[in-house]
Amino acid sequence: MGERLAEKVAVITGGSSGIGLASARLFVAEGARVVVAARDAERGAAAVAALRASGGDARYVPCDVTSAEHVARLVETTLAAYGRLDILFNHAGANRAARVTELDEAEWDALLNVNLKSVYLGCRFAIPAMLVNGGGCIVNTAGTFGLVARPAQAAYCAAKAAVIHLTRQMALDYGPQGVRVNCICPGYIDTPLTAGVPAAMRASIIAAQPLRRAGKPEDIAEAALYLASDASSFVTGVALPVDGGQLVSG
Amino acid sequence: MARLSGKTAIVTGAAAGNGQAIALRFAEEGCNLALSDVNLSAVQETAAQCTALGVRASAERTDVTARAEVEMMVEAAWANFGTVDILVNNAGIFFNAAFDEMSDDQWRRMLDTNLTSVFLVSQTVIRHWLAAERGGAIVNLASISSSVAFTRSAHYCAAKAGVTALSRCLALEYGPRGVRSNCLAPGIIETAMTRPALGDPATVTDWMRRIPLKRVGQPRDVADGALFLASDESAYITGDMLYIDGGWMVE
Ligand SMILES: NC(=O)c1ccc[n+]([C@@H]2O[C@H](COP(=O)([O-])OP(=O)(O)OC[C@H]3O[C@@H](n4cnc5c(N)ncnc54)[C@H](O)[C@@H]3O)[C@@H](O)[C@H]2O)c1
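Owing to the predicted nature of the structure, the values given are computational and were not obtained by experimental measurement. (Residues numbered from 1 in each chain as written. Chains lettered and ligands numbered in written order. Predicted model: local features only at pLDDT ≥ 70, side-chain atom pairs only at ≥ 80, totals over all residues. Heavy atoms only, no water.)

Q: Honestly, the packing of aromatic side chains in this entry has me stumped. Any pointers?
A: Any pair of aromatic rings gets described here by the distance separating the centres and the angle formed by the planes. Summed over all chains, the structure comprises five aromatic pairs over all chains. Pairing Phe-145 of chain A with Tyr-156 of chain A gives two aromatic rings, centres 5.9 Å apart and planes at 90°, and the pair type is edge-to-face. Residue Phe-145 of chain A is located in the loop between strand E5 (136-141) and helix H5 (154-174), and its partner Tyr-156 of chain A is located in helix H5; the two are separated by eleven residues in the primary sequence. The partly exposed category is assigned to Phe-145 of chain A, whose relative accessible area is 24%. Aromatic pair Phe-150 of chain B and Trp-248 of chain B: ring centres 5.7 Å apart, planes at 40°, arrangement tilted. Placement of the pair is Phe-150 of chain B in the loop between strand E5 (136-141) and helix H5 (154-174) and Trp-248 of chain B in the segment after strand E7 (241-244), with a sequence separation of 98 residues. With a relative accessible area of 26%, Phe-150 of chain B lands in the partly exposed category. (Phe/Tyr/Trp six-rings, centres within 6.5 Å; stacked < 30°, edge-to-face > 60°. Helix = DSSP H or I, 4+ residues; strand = E, 2+ residues; numbered from the N terminus. Buried < 20%, exposed > 50% of the residue type's maximum accessible area, 1.4 Å probe, protein only.)

Q: Is there a simple way to explain the pairing of strand E1 (residues 8-12) of chain B in this structure?
A: A regular strand carries its side chains on alternate faces of the sheet. All names here are of chain B. E1 sits mainly inside the fold: five of its five residues count as buried. Of the two faces of E1, both are covered, the one formed by Thr-8, Ile-10 and Thr-12 as well as the one formed by Ala-9 and Val-11. As paired strands, E1 and strand E2 (residues 32-37) are joined by five bridges and run parallel to one another. In the strand pairing of E2, Thr-8 is matched with Asn-32. (Pairing = 2+ DSSP bridges.)

Q: I tried to follow the interface of chain B and chain A on my own but got confused; where do I start?
A: How large an interface is tends to be reported as the accessible area lost when its parts come together. The interface is formed by 36 residues belonging to chain B together with 35 residues belonging to chain A. Where chain B abuts chain A, roughly 2900 Å² becomes buried across the two surfaces, and 68% of that area is made up of carbon and sulfur atoms. Per-residue buried area on chain B facing chain A is highest for Leu-213, Tyr-236 and Val-250 of chain B; these three make up 27% of the total on that side. The residue Glu-233 of chain B makes a salt bridge to Arg-4 of chain A at a minimum N-O spacing of 3.7 Å. Connecting chain B to chain A are ten residue pairs in polar contact (both at pLDDT 80 or more). Sorting elements by how many residues they give to the side of chain B that touches chain A places helix H8 (residues 219-230) of chain B first, with four residues. Here the side of chain B that touches chain A is composed, by residue class, of 18 nonpolar, seven polar and eleven charged. (Contact = heavy atoms within 4.5 Å. Buried area = accessible area lost by both parts, 1.4 Å probe. Salt bridge = Lys/Arg side-chain N within 4 Å of Asp/Glu carboxyl O. Polar contact = N/O pair within 3.5 Å; in protein donor to acceptor, adjacent residues only side chain to side chain. Nonpolar A, V, L, I, M, F, W, Y, C, P; charged D, E, K, R; others polar.)

The structure is reproduced here in structure tokens:
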């Protein structure tokens, strides 16, 4: 067991599967107490059982990150359980590939809510709790699609670009009070979210990346650990691509 | 568990400041170190401090602007340690010069020390890696000056922007063969390089207005970033630039 997050309390949204779960595992292994926030109670319970089996301190809180009521309760429950909140990893998100003309208004709203409003809500309720401790640390999951445009990803690209810029903006507002805000821009990562990508498309994406492989959830978890730990105490407002080099040639 | 155990790193400019902090941080994580600097006695002192942490460390007098010296340094690292896994291109200089008064010599000295050095050392190390059919991790010290302008610093900004571009190209060209190349972009870090400016209250006031975290950075902050980019923890990261600037770049 490491100690890079010793004594810290972390909330991870979307923490019951894929990258979120890999991050929960790593955070727990580094000494954090972790609140897994997710919608699916069965998966949430399974995740927490696995984290506890590894010797970690973890609990599950049901949460739809698009609901202010849920997110407020998530922060309250965390404070009630652990007495503090140091790290918020806003990881939950969703995608549906579509061009603007193919998205009806309800779909647009749903994608913006789950990818962008969720970050606002998490920060809206977590930052006051962090300020009570004299500071804290927020890590948002944006995406390389927030830095470059991709075909038929209208709502997702827009939401992720907004997450990157909101990250910078909040870094400015809360830096003086000791809250750091950073985001990670994952490239192509093998997770349940990308499981449906056709094999030929996956192969062509990988072939275009300098490192010639898909990312693993653990690759993102390590970046989240760096950004959540005191090792990055002079880092705020950054968007860190973890993308196998996908972005070097645009 | 040590995060670089069993690895060997070359760190240039390791006598002081960021380079010294990087060497010591890597040593804490079990990394053997091939250190160099133009200041031999000071880099020997860094090596002694690393050795005291329980790793093997060597110190060479190497001017990173001279190809022959660079080649000797890299050869010696391979001979001493049997392998090199990590290269940190840290050696660098800074001095102010108004553009209209800048001499050819000042321009060349800046570009040679801060940019051509990265070409020379990276090329020498990459040739070794290709010959051995293996990869490795390169960490280049760029700067916020790669991305934003400072007065009386056109030569420094041009050199650092060059480092950033060079680093991305290495990521593209050698990624398929297992080489990762990333930049650290420090903001204002308290070292000999910034000490003169940090002595001027007006400059410090101006800087504090620009830094959301309301402090200058310490070499240890840079060293922790270097550790992340040099270790397998960042195995899927290449061609990036990691700002360690207290938030300077957000505005
Ligand atoms: N201090 C900062 O705020 C800051 C900000 C951005 C980037 N950086 C970069 O960090 C790196 C280290 O700078 P520092 O702040 O630690 O400065 P420093 O002056 O404390 O250390 C630089 C070291 O490089 C060595 N060096 C200089 N020329 C050399 C040469 N030709 N060959 C070999 N060694 C040489 C020096 O002897 C010294 O030991 C530099 O690349 C610098 O540009 C520093």
